[in-house]
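Summary of structural features
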Amino acid sequence: MSIVYNKTPLLRQFFPAVSTKPSTSIPQFFLKYECLQPSGSFKSRGIGNLIMKNAIRIKKSGNKSPQVFSSSGGNAGFAAATASQRLSLPCTVVVPTATKQRMVEKIRATGANVIINGAHWKEADTYLKSSVMNSIDLNTTEPIYVHPFDNPDIWEGHSTMVDEIVDTLNEQNIALNKIKGIVCSVGGGGLYNGIIQGLEKHKLADKIPIVGVETKGCHVFNTSLKLGKQIEFSKITSIATSLGTASISSQTFEYAKKYHTRSVVVEDTDVIETCLKYTQDFNMVAEPACGASLHLAYNTNILENALGHKLSSDDIILVIACGGSSNTVQDLEETLVRLREKAKHERITPPTFINDPIQPVPILGRA
Amino acid sequence: MSLVYNKTPLLRRVFPTGLKVPSAPQLYVKYESLQPSGSFKSRGIGHLIMKNALRVQQLGGKSLHVFSSSGGNAGLAAATASQSLKLPCTVVVPTSTKSRMVEKIRNVGTEVIVKGSHWKEADSFLKNSVIPSVDRIEEPIYVHPFDHPDVWEGHSTMVDEIVDTFRSQNVSLNKVKAIVCSVGGGGLYNGIIHGLEKYHLADKIPVIAMETDGCNSFNACLKAKKQVELPKITSVATSLGATGVATKAFENGQRYQSPSVVLQDIDVVNTCLKYANDFNIITEPACGASLHMAYNTKLIEKALGKKLDSDDIIVIIACGGSANTMEDLQNSYKQLSAEANTKKNTL
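What you see is a predicted model; the values in this text were computed from it and never measured. (Residues numbered from 1 in each chain as written. Chains lettered and ligands numbered in written order. Predicted model: local features only at pLDDT ≥ 70, side-chain atom pairs only at ≥ 80, totals over all residues. Heavy atoms only, no water.)

Moving on, we come to helix 4 (residues 119-130) of chain B. All names here are of chain B. Those residues of helix 4 that fall on the buried side of the exposure criterion are Ala122, Asp123, Leu126 and Val130. All buried residues of helix 4 lie within an arc of 100° about the axis, which places them on one face of the element. Opposite its buried face, helix 4 presents the exposed residues Lys120 and Asn128, each directed more than 90 degrees away. At its buried positions, helix 4 is contacted by strand 3 (63-68), strand 4 (89-93), strand 5 (111-114) and strand 6 (138-143). (Buried < 20%, exposed > 50% of the residue type's maximum accessible area, 1.4 Å probe, protein only. Helix = DSSP H or I, 4+ residues; strand = E, 2+ residues; numbered from the N terminus. Arc of directions from axis to C-beta. Contact = heavy atoms within 4.5 Å.)

Laid out in C-alpha cells, this is it:
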C-alpha cells in the first residue's frame, strides 16, 4: 500500500453500444478506474512517486527540508498538492490565469500555496522557476520540482498500474493472451510511457498493442507519427485542456516507433458527447481527456480500425479511465453548445458565382 | 470472482471541509457505486438470483425467470444480474418511475411493464397477474428489494472485503470505530450486521444507521421500541423510501443498539452536490445521507457519544445508486431551498 496513490480496481464494464452489433462481435471491456486516485487522476501515481522518492532522499541526506513546486493548474498540480498533503510537505503551485477557479480552490483546499501568474503553462512554469523557486532559502530548503509528465520517476510511478492489472487478471484466471489492446489517452505521453514501461517489465510490450487516443487540436503524437519525426504544435485548439501540451516527451515518440503503437484522433464534439453519455450511464463525471479513451469503448469500429482487425466477444480490451477533475457536467454541456454553434458558423461557406462578376459575392459566417 | 457482483475498493479519502481538524478520524470509503448495477444491491440481489438459478439447474427441467417490482436500484440490480447469468427477467414498475430508469433497465435486455401508480400497486400486479401467467417450463423467482435472508447474505460479502483490505494493509480492526450506512428497508444494514457477526465484530463495531426525515422508519421503530410503519414517504431520498423496515432490521437495531441518525433532505442534497464537485461521482440522496457524515465528523462523534481522534477509523458505505442526474440534484436543491424560505417567511 502506498500513502500517495491508491490501488484501483480493474472491472468489467458493459457499454450500451452505439451501433447494433451482435453481442458476439463486441469485445469485453475492462476499465482501470484511475479516477479513484487521491487527486482524482492517474497522476497521483507518477507524481506521488517523484515527490516521495525525492523527499526520502532529501531527508536522508541531511538537515534540509523538502518543498514541492509545480506549475500546473490542472491534474498534475492537484496531484502534487494532494501527495504533498499526505506526506505533510509544504507545496507551492503556480497556475496560469486561465485556470478555472474551481481547480484553484481544490488545490488550495489541500493546504498548498497557490500563486496565479502567467497567461499559459509555459509562462507559469517560467515564473515558478525564475522567481518563486529562486527566492527560497537553499540553506534550509531543498526544492522538488514536479514536471507534469516528462520525468522517468513519473513514468515509473505510472507503471504500477500495469503491475495491478497483471495481478488482477492472474487472480481471476484470465489469460493475458486474451488482452488484445490497451486504450489510453495521450497528452504529453507520461501515462503512455508508464504503461509501456510496465508492460516491458512483464515482457508484454511486444504482445499487447496500445491504442493512444488524442483529440483533434492537440494531436501532437499522431502528427509526429505521421511525419516520422517528433514535432511541436505552435498552438493548442482542442478543449481537452488536460491533453493540451505543445509537445510530447521524446521517450513517447521512441516507444511508439518501437512498439508500433496505434494512434487515434477524435473530434472534440464527439468526445464531449461521450463524456455526457458516460455520466448518464455510470454516474461518473469524466473530462474530455478521459472521454477520448472511453469513446473507443462506445465505438468499437474505431478500435477495430486502429488495431487492424475485427474483435470478438472472446477478446478483452483494457481501457485506462485516467480520471481528471477539471470539468463539471455543466462545463461539458456549455462547451458542447459552444462547439456546435461554432461548427454551424463554419459550415456556411460562401457560394461561388461564376456568371455575375459585377455582383459582390456574399460571404457568410463572418462575425 | 463473481459473475453478478464486483469486489470494490475500500479507500482512504480526505473530505475537503475547509476546516483544519487535526483530530479528525480517518475516513475509508467503500465504493459500491462500482457494482454492475451502480449500487450495492448487485451483491444481495445477485446472490439471491444465482442461488436459485443453481438450485433450479440442479433439479433439471425448468429454467429460471426473474421477477421484480422495483423501478429503482433493486430492479436494475435484478436486471443486470439476470443479464450476466443469461436469464430472462421481467420488471413491473409504477408509472411514477423516471423514464431514465425504465430505459436503463430495458437496455440490459429486461422486459419492463409499466403499471400501477406506486410500488404496492406495481407489486400486486406482478404477483397477481404477471407471475401466475408464466410459462410452465419456467420457474419464477420473485426478488424482494430488501426483505430476504439471501439478500442480506449477499450484501454481507462487503464486510468480508473490508476485513480483507484492512488485514492486507496491516491495519488493526480495533481501530475501526464505526461503519456508517444508509437505511431504507434495512437490507444493507442487515447485510453488514450479518457480515460483522461472522467475524465476531457485531458487538465491537457499531453500525450508524442513516436516514432522511420523511422516510425515517428505522428511527421511528427504535423510538417506539416496536416495529411501526410510516403513513407515507415524504423525503426526496426515494431509494430509502420503504414505509417499514424488515423485522430483522428492527431486531438487529435493538440487539446491537445501533446509533440512528436522521438528516434533513436539504442537507443531504447539498452534500450530494458537494461530493460531485469534490470527487466527480454523482450520488443519490440515499447515498448522500452516509457521505454527509464524512463531511461532518462531529455528527459521527455525537452519534457514538464520544470524541474521535486521528488514530480512529470510520468506514463509510458509499452505497451508490442510479436514480439521480446532476440536474435532478440541482432542481431538488432549488425546490428544497424555496420550501425552506417559504417556511421561514411564514413563521
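Before going further, it helps to spend a moment on the packing of aromatic side chains. Residues and elements named next belong to chain A. Tallying each qualifying case throughout the model produces 12 aromatic pairs over all chains. Relative to Phe282, the ring of Phe15 has its centre 5.6 Å away and its plane inclined at 75°; by these criteria the two rings are edge-to-face. Here Phe15, found in the loop between strand 1 (10-13) and strand 2 (28-33), pairs with Phe282, found in helix 10 (residues 268-282); they are 267 residues apart in sequence, far enough to count as distant. Across the pair, exposure class does not vary: Phe15 and Phe282 are buried alike. (Phe/Tyr/Trp six-rings, centres within 6.5 Å; stacked < 30°, edge-to-face > 60°.)

All right, on to the nonpolar core then. Where a protein is soluble and globular, its nonpolar side chains tend to be buried together. Within the largest apolar cluster, 143 residues are counted, with the highest numbers of intra-cluster contacts made by Tyr278 of chain A together with Phe166, Val315 and Ile317 of chain B. With seven residues, helix 10 (residues 265-279) of chain B is the largest single contributor of residues to this core. Setting aside residues up to four positions removed in sequence, Val315 of chain B forms contacts with Leu10, Tyr28, Ile162, Phe166, Val176, Ala178, Ile179 and Val180 of chain B. One finds Val4, Ala53, Val66 and Trp152 of chain B within the second-largest nonpolar core, a separate group that totals 32 residues. (Core = buried A, V, L, I, M, F, W, Y, C linked by side-chain atoms within 4.5 Å.)

Under the UniProt annotation, the feature "domain: Tryptophan synthase beta chain-like PALP" (unreviewed entry) is placed at residues 3-320 of chain B. In the segment residues 3-320 of chain B, helix accounts for 42% and strand for 17%; the C-alpha atoms at its two ends are 19 Å apart. (UniProt positions renumbered as here; feature names shortened; annotations may be inferred.)

Before going further, it helps to examine the domain arrangement of chain B. Size of an interface, as often reported, equals the accessible area lost when the parts are brought together. All names here are of chain B. Here the domain parsing of chain B yields domain 1 (10-40 + 150-345) and domain 2 (41-147). Summarising the inter-unit geometry, the C-alpha centres of domain 1 and domain 2 are found 26 Å apart. On the side of domain 2, 21 residues touch domain 1, which itself brings 29 residues to the contact. Buried surface at the junction of domain 1 and domain 2, summed over both partners, amounts to about 2000 Å²; 51% is from carbon and sulfur atoms. Ranking the residues of domain 1 by area buried against domain 2 places Ser37, Asp150 and Val151 at the top, with a combined share of 27%. (Domains from an automatic or database assignment. Buried area = accessible area lost by both parts, 1.4 Å probe.)

Within a sheet, neighbouring strands are paired by backbone hydrogen bonds and run either parallel or antiparallel to one another. All names here are of chain B. A sheet is described by the order of its strands in space; here six strands give the open sequence 1-2-10-7-8-9, paired in mixed fashion. Each of the sheet's edge strands pairs with one partner strand only, and the pair in question is strand 1 (10-13) and strand 9 (260-263). Each adjacent strand pair in this sheet contributes to an overall mean axis angle of 25°, direction not counted. Where strand 2 (residues 26-31) and strand 10 (residues 313-318) come together, six bridges link them in parallel fashion. Residue pairing in the sheet places Val29 in a bridge with Ile316 of strand 10. (Pairing = 2+ DSSP bridges. Axes fitted to C-alpha atoms, helices over the stretch in contact; angles between N-to-C directions.)

The interface is formed by 27 residues belonging to chain A together with 25 residues belonging to chain B. Together, the buried faces of chain A and chain B total about 2200 Å²; carbon and sulfur atoms form 51% of this surface. Summed over the three residues of chain A that lose the most area to chain B, namely Leu11, Leu36 and Asn283 of chain A, the buried surface amounts to 26% of that side. Applying the counting criterion to the chain A and chain B interface returns zero salt bridges. For the pair chain A and chain B, the number of links is 14 residue pairs in polar contact (both at pLDDT 80 or more). Residue assignment for the side of chain A that touches chain B shows that the elements contributing at least two residues are helix 2 (75-86), helix 3 (101-109) and helix 10 of chain A. Each residue belonging to the side of chain A that touches chain B can be placed in one class, and the counts come to 11 nonpolar, 11 polar and five charged. (Salt bridge = Lys/Arg side-chain N within 4 Å of Asp/Glu carboxyl O. Polar contact = N/O pair within 3.5 Å; in protein donor to acceptor, adjacent residues only side chain to side chain. Nonpolar A, V, L, I, M, F, W, Y, C, P; charged D, E, K, R; others polar.)

A word on unusual backbone geometry. The phi torsion at Lys203 of chain A lies on the positive side, around 55°, for a residue other than glycine. Note on placement: Lys203 of chain A falls in the loop between helix 7 (190-201) and strand 8 (210-215). You will see that Asn170 of chain B, though not glycine, has its phi angle at about 55°, which is positive. Within the secondary structure, Asn170 of chain B sits in the loop between helix 6 (157-168) and strand 7 (176-182).

Residue and element names in this part refer to chain A. The strand order across the open sheet built from four strands is 5-4-3-6, with neighbouring strands paired in parallel fashion. If you trace the sheet from one side to the other, it starts and ends with strand 5 (113-116) and strand 6 (141-146), each paired once. On average, each strand axis in the sheet is tilted by 20° relative to the strand beside it, whichever way the strands run. Here four bridges tie strand 4 (residues 91-95) to strand 5, and the two strands are oriented parallel to one another.

It is worth spelling out the packing of helix 2 of chain A against helix 3 of chain A at this point. Residues and elements named next belong to chain A. Two elements in contact, helix 2 and helix 3, have axes whose closest approach is 9 Å; the angle formed by their N-to-C orientations is 15°. What the angle tells us is that helix 2 and helix 3 run roughly parallel. Crossing of helix 2 over helix 3 shows left-handed handedness. Packed against helix 2, whose contacting residues are Asn75, Gly77, Phe78, Ala81 and Gln85, the element helix 3 presents Met103, Lys106, Ile107 and Ala109 at the interface. Tallied by class, the residues present in the contact of helix 2 with helix 3 amount to five nonpolar, three polar and one charged. (Parallel < 35°, antiparallel > 145°, perpendicular 65-115°, else oblique. Left-handed = near helix turned anticlockwise from the far one by under 90°.)

Once that is clear, we can look at the domain arrangement of chain A. All names here are of chain A. For chain A, the assigned domains are domain 1 (10-41 + 153-362) and domain 2 (43-149). Domain 1 and domain 2 are separated by 27 Å when their C-alpha centres are compared. Counting residues at the interface gives 28 residues for domain 1, matched by 21 residues for domain 2. By the criterion of area lost to domain 2, the three top residues of domain 1 are Ser39, Asp153 and Ile154, representing 28% of everything that side buries. Taken together, domain 1 and domain 2 are joined by four salt bridges. Glu34 is paired through a salt bridge with Arg45; the nearest N and O atoms lie 2.8 Å apart. One can count 17 residue pairs in polar contact (both at pLDDT 80 or more) joining domain 1 with domain 2.

Attention now moves to the state of the cysteines. What the rule picks out here adds up to zero disulfides over all chains. Take Cys218 of chain A: it sits in no disulfide, and the sulfur closest to it among the cysteines is that of Cys322 of chain A, at 12 Å. (Disulfide = S-S within 2.5 Å.)

Right, let's get into the side chain of Ser2 of chain B. All names here are of chain B. Along the polypeptide, Ser2 turns up in the segment before strand 1. In terms of polar contacts, Ser2 uses its side chain to reach the backbone amide nitrogen of Val4, at 3.0 Å. Here the side chain of Ser2 touches Tyr5 through a polar contact of 3.4 Å, landing on its backbone nitrogen.

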